[in-house]
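Structural overview
These are the residues of each chain, in order.
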There are 2 protein chains.
Amino acid sequence: MLKTIPLVALIRVEAVQPSLHDNTADLDRLKAALTESLPAQLRSCSVHIPFACIVEIAASFRAADFTGYVIVHYEHDHLVLVDFVAEPPKSLPVLALDLGSTHLEATLLDCLTGDTLARGAALNRQVTHGADILTRIHFAERKDEGGKGLALLQEAVIVSINGLLDELCQEAEVKAQDVQAVAVSGNTTMVHLLLGISPRHICREPYIPLVNAPDPFLAQEIGLKLHKQATVRVLPGRGSYFGGDLISGILATGLDQAEETCMLIDVGTNAEVVMGNSEWLIACAGAAGPALEGGVARMGMRAASGAVEHVAIDRNTWQLDWRSINETPPLGLCGSGLIDLVAELYLARIVDLRGKFQSTFPGQPAAQRRFVKEHLLEMGGEQVFLVVAAGEAGNAEPVVLSQLDLDAMMRSKAAMYAILVTLINQVGLEFSDLARIAVAGAFGKHIDPQQAITLGMLPDLPLTTFEPVGNSSLRGAEMILLDHTAFARSLEIARKITYIELNVNQEFMIRFSGSRFIPHTDPELFPSVPSFR
Amino acid sequence: MLKTIPLVALIRVEAVQPSLHDNTADLDRLKAALTESLPAQLRSCSVHIPFACIVEIAASFRAADFTGYVIVHYEHDHLVLVDFVAEPPKSLPVLALDLGSTHLEATLLDCLTGDTLARGAALNRQVTHGADILTRIHFAERKDEGGKGLALLQEAVIVSINGLLDELCQEAEVKAQDVQAVAVSGNTTMVHLLLGISPRHICREPYIPLVNAPDPFLAQEIGLKLHKQATVRVLPGRGSYFGGDLISGILATGLDQAEETCMLIDVGTNAEVVMGNSEWLIACAGAAGPALEGGVARMGMRAASGAVEHVAIDRNTWQLDWRSINETPPLGLCGSGLIDLVAELYLARIVDLRGKFQSTFPGQPAAQRRFVKEHLLEMGGEQVFLVVAAGEAGNAEPVVLSQLDLDAMMRSKAAMYAILVTLINQVGLEFSDLARIAVAGAFGKHIDPQQAITLGMLPDLPLTTFEPVGNSSLRGAEMILLDHTAFARSLEIARKITYIELNVNQEFMIRFSGSRFIPHTDPELFPSVPSFR
């Protein structure tokens, strides 16, 4: 059962029958009856009937003898009456969408009950026009190929969404034209491309988007095939590099309402970190992610089927153990696998505190030496660590870690920690002041916080501090739909958050250098991690 | 100079230049700058930018280096930002429209200054589908002639409005696509036809319109060719027979804000009467008009060129004098001419107190007898009074008054007075309690209140009580545009007015019978009028 009033609601109305003594017009009669039936919180809202709906609504209202159900959309202090039905529908479907640059994730929710009707994911077809954000921004400016690049990118994402919507509708046995609203969270560039507006200035100093907080608009205005009056609510962003997906995460994790100071970490292409409570919010973002997201590490890949997500080296038996997602034959390493691997290699003294492979060290045990001999190999002219042999791999290619991958990983982990320290210093707190650290996304779901601490990537706090929160971007979008007050709350979050630009931050650069050791230049910051100086 | 904040306003904005330290997006920057520049009364309004405008506005804002002027529309507690311009436009045109069943009257106003840019009238092309409201309601239901009757009627009025708009725009040297808003007042049926919605139930018991108070909508939704974001505000009606034109009149005459009780009389096809003050409003309407509007009296016509608007009989010299509108050769009698004529005939004792022609009476002077002989003639088998001889008339037809015309006139005047008495009795007041009687329209402009009193049509009050107020329906529509608070006020008027249905009112029927004498069954009600009993 829903405890909140959703964005879209079904309300039973019983109007007084018209008579010579009550000559109120049909629609005014309907509005008056609706106002009487509204829950107390909405009683002061005025009711608006869109011009495009008046004929249909009036006809249904008369046909049902002035008694039935109306569907209303909450819209910034007024209600929009979009439909009248004689019998209550089985569900009141709405769509929550996490608009990723490679994948879309979506939930079809029922505003009658708050239940999930269907959930799914789809490829963002924009990938055919460019894998990453920057390529797409440049593609958007192209005028060739019989169309404008921007229009092609918009079309690609709209087709992707309509396709995913159709799948979910089929699964839930509802019609797409009955879907009443959409809430979308995505990074700033993805939102620009969805709206068909130029992302040109996002990647050009001083990095100003065209819009951070678009006003709600009709789904049909961008070609989404839902109810004709369905509106789109886009989670507001805070800047070119701090998008609505993060604001959505803040909403979902309740950072903006927390009594104690908490933190939210979201690692995608960028690492985006927010800290705060009900009084204040501070955030920054930096390029900490690439090594963890599949872009940089040669064997890196997204957390999907075939990704090695967990690695363990038994330092008694010198057995290497790994586990891949969905237990399918391995194709590469995802972020958590990489973190596990490097942490285990460090603890096994096969990677030193500078993040370099070492084959020998003073007092090296014989078993360790044999293990190193089997796994630390020369391949294509460089030293690599063999995780999965070619025979066991999914594509007959061995899964290995090269020194180059290791270097990228070290930069990522250093950036991550530097971001966290910079942020906490900004407000004069210490990590131990944090009541909770929510870790979003696949990163949060798969990593072992202890291993990330071993690497000096996350601060050395009790493990219970860390909480995986899943796709908080999608969850925030769901909240926009299930709680009519949440959109205003998201705007308030965007308004009150302080964003630290790391590119021009001196402290970050200093902290970054200090973090390029395992676990850190200052091992006292990580008492739980063994030091091998 | 405007003393009010109009519905559409031009506001200068000067935004902070974007920098690395201020990464607010273009449109959010514009909104913030606008909010700072708003007049105090609007400071709490949120600002909405329609999706269809964002690309254009952002581009103009950048091109103008973040400084210029925005055009905003006031919309029920929020502002809609529809345009950004680098240089201030010369005017901010908006259209006020009085939607009559035969004629449209319109004013093109400038929201920058409050000035009238152009004013004009046009035929309502719906007349080709039926002269009166009832015919059009029936025509609307026709499905033949390759189209639906309703669609044809809507198209006819839209073409009429677009044509009139073009004329006014040409005269004012502005472009139609720069016209920012429309306010329309019209009777309930005319509003239904404008909106393209069925007026079917208006003329069927219990006479319920489809809508009394349509919410504002975009002009383009009904095919009006103005600014793409121009909205239409329709003055709300109170019922099938009490339309937005009357609510507009109440707004224009300020009845709803008057400290002393006042009255507004509007005679068109119906006589519509409102009485009240800032505390209460009461109204009724009845078929008092036909004889005065040209429909019933054979020689009757609208107050237009060639209509005899004034008649005098000199009872010393027994000369008949008349004056036609625009002094063109006479074609017929308009309402005021008819009233003048019958009052003069009564005073000259050529019409008796029952409203019948009399050629003789005891003690008749010789001069009067000669006059009667010249003017009271037999024509086509009936007795008529000759006003203008064929030789002087505009179409070689004499202008005459027949007994049938006179009977219709008597019914009209009786209905009028009965309406007024019923209304005043309803609230337990007397006519002498009225501080002011506003008389709207051509009727108010042309009639001589003394003559209407002589006939017993208007109450016997000091002549200064009566005030012609012109086209108050159009003036109310103008107010909607020039004062952003006026539309809410019109809704409040519609909400608070009490409407008396005369068709089911016993008192009215009794008063009607008592009023079928000149001046009245009870001559003591009219001390200023000579009685010839």
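The structure reproduced in this document is the subject of the present report.

Cut-offs and rules
Residues take numbers from 1 onward in each chain, read along the sequence in its written order. Each chain takes a letter, starting from A, and each ligand takes a number, starting from 1, following the order in which they are written. Reporting in this predicted model follows two pLDDT cut-offs: at least 70 for local features of residues, and 80 or more for side-chain atom pairs to be given and counted; totals over whole chains, interfaces and linings ignore these cut-offs and use all residues. Each side-chain value is worked out from all heavy atoms of the structure, with water and hydrogens disregarded. Segments assigned H or I by DSSP are reported as helices when at least four residues long, segments assigned E as strands when at least two residues long, and all are numbered from the N terminus. Radius of gyration here uses only the C-alpha atoms, and the compact-globule reference equals 2.2 Å multiplied by the residue count raised to the power 0.38. Throughout, exposure labels follow a simple rule: accessible area from a 1.4 Å probe, protein chains only, divided by the maximum for the residue type, with under 20% read as buried, over 50% as exposed, and the rest as partly exposed. By definition in these notes, contact holds between two residues if any of their heavy atoms fall within 4.5 Å. With residues, only the protein chains shown are counted as cover, and all accessible areas are computed by Shrake-Rupley using a 1.4 Å probe. The pairing criterion is simple: DSSP has to find at least two bridges between the two strands. Throughout, an axis means a line fitted to C-alpha atoms (over the contacting stretch in the case of helices), and angles, computed between N-to-C directions, take values from 0 to 180 degrees. To obtain the arc, one takes the directions from the helix axis to the C-beta atoms. What sets the label is the angle itself: under 35 degrees gives roughly parallel, over 145 gives roughly antiparallel, 65 to 115 gives roughly perpendicular, and the rest give oblique. Gly is put with the polar residues, along with every residue not named as nonpolar or charged; the nonpolar set is Ala, Val, Leu, Ile, Met, Phe, Trp, Tyr, Cys and Pro, and the charged set is Asp, Glu, Lys and Arg.

**Some words on the overall build of chain A**
Each helix and strand in chain A was counted, giving 15 helices and 22 strands. A globule of 533 residues ought to have a C-alpha radius of gyration of about 24 Å, and chain A, at 27 Å, matches this closely. Each of the three principal axes of chain A carries a C-alpha extent, and together these read 105 × 50 × 45 Å. Put simply, chain A has 533 residues, and 59% of those count as buried. When contacts within chain A are restricted to residue pairs at least 6 apart in sequence, long-range pairs at least 24 apart make up 66% of them. Carbon together with sulfur atoms contributes 50% to the accessible area of chain A, which is approximately 21,300 Å² in total.

**Describing the sheet that holds strand E12 (residues 271-276) of chain B**
All names here are of chain B. Taken in spatial order, the six strands make up an open sheet running E21-E20-E11-E12-E13-E22, and their pairing is mixed. Two strands lie at the open edges of the sheet, namely strand E21 (466-470) and strand E22 (497-500), each paired on one side alone. Looking at each pair of strands side by side, their axes are set apart by 20 degrees on average, direction ignored. In this sheet, E12 lies alongside strand E11 (residues 262-267) in antiparallel orientation, the contact comprising six bridges. Looking at E12, one finds that Val267 is bridged to Ala271. Across the sheet, helix H10 (residues 403-426) lies against E11, E12, strand E13 (281-286) and E22, angled at about 25 degrees from E12, the strand it touches most.

**Side note on helix H14 (residues 486-496) of chain A**
Residues and elements named next belong to chain A. Restricting attention to buried positions, one finds in H14 the residues Ala486, Phe487, Arg489, Ser490, Ile493 and Ala494. Down the axis, H14 shows its buried residues gathered within 160 degrees of arc, on one side only. Here the buried face of H14 lies against strand E10 (231-234), helix H6 (244-253), strand E13 (281-286), helix H13 (472-482) and strand E22 (497-500).

**Digging into the packing of helix H3 (residues 133-140) of chain B against helix H4 (residues 149-172) of chain B**
All names here are of chain B. Where H3 contacts H4, the two axes come as close as 6 Å, and the packing angle between them is 125 degrees. Classed by the angle they form, the pair H3 and H4 counts as oblique. For the pair H3 and H4, the contacting residues are Arg136, Phe139 and Ala140 in the first and Gly149, Leu150, Leu152 and Leu153 in the second. Within the contact of H3 with H4, the residues separate by chemical class into five nonpolar, one polar and one charged.

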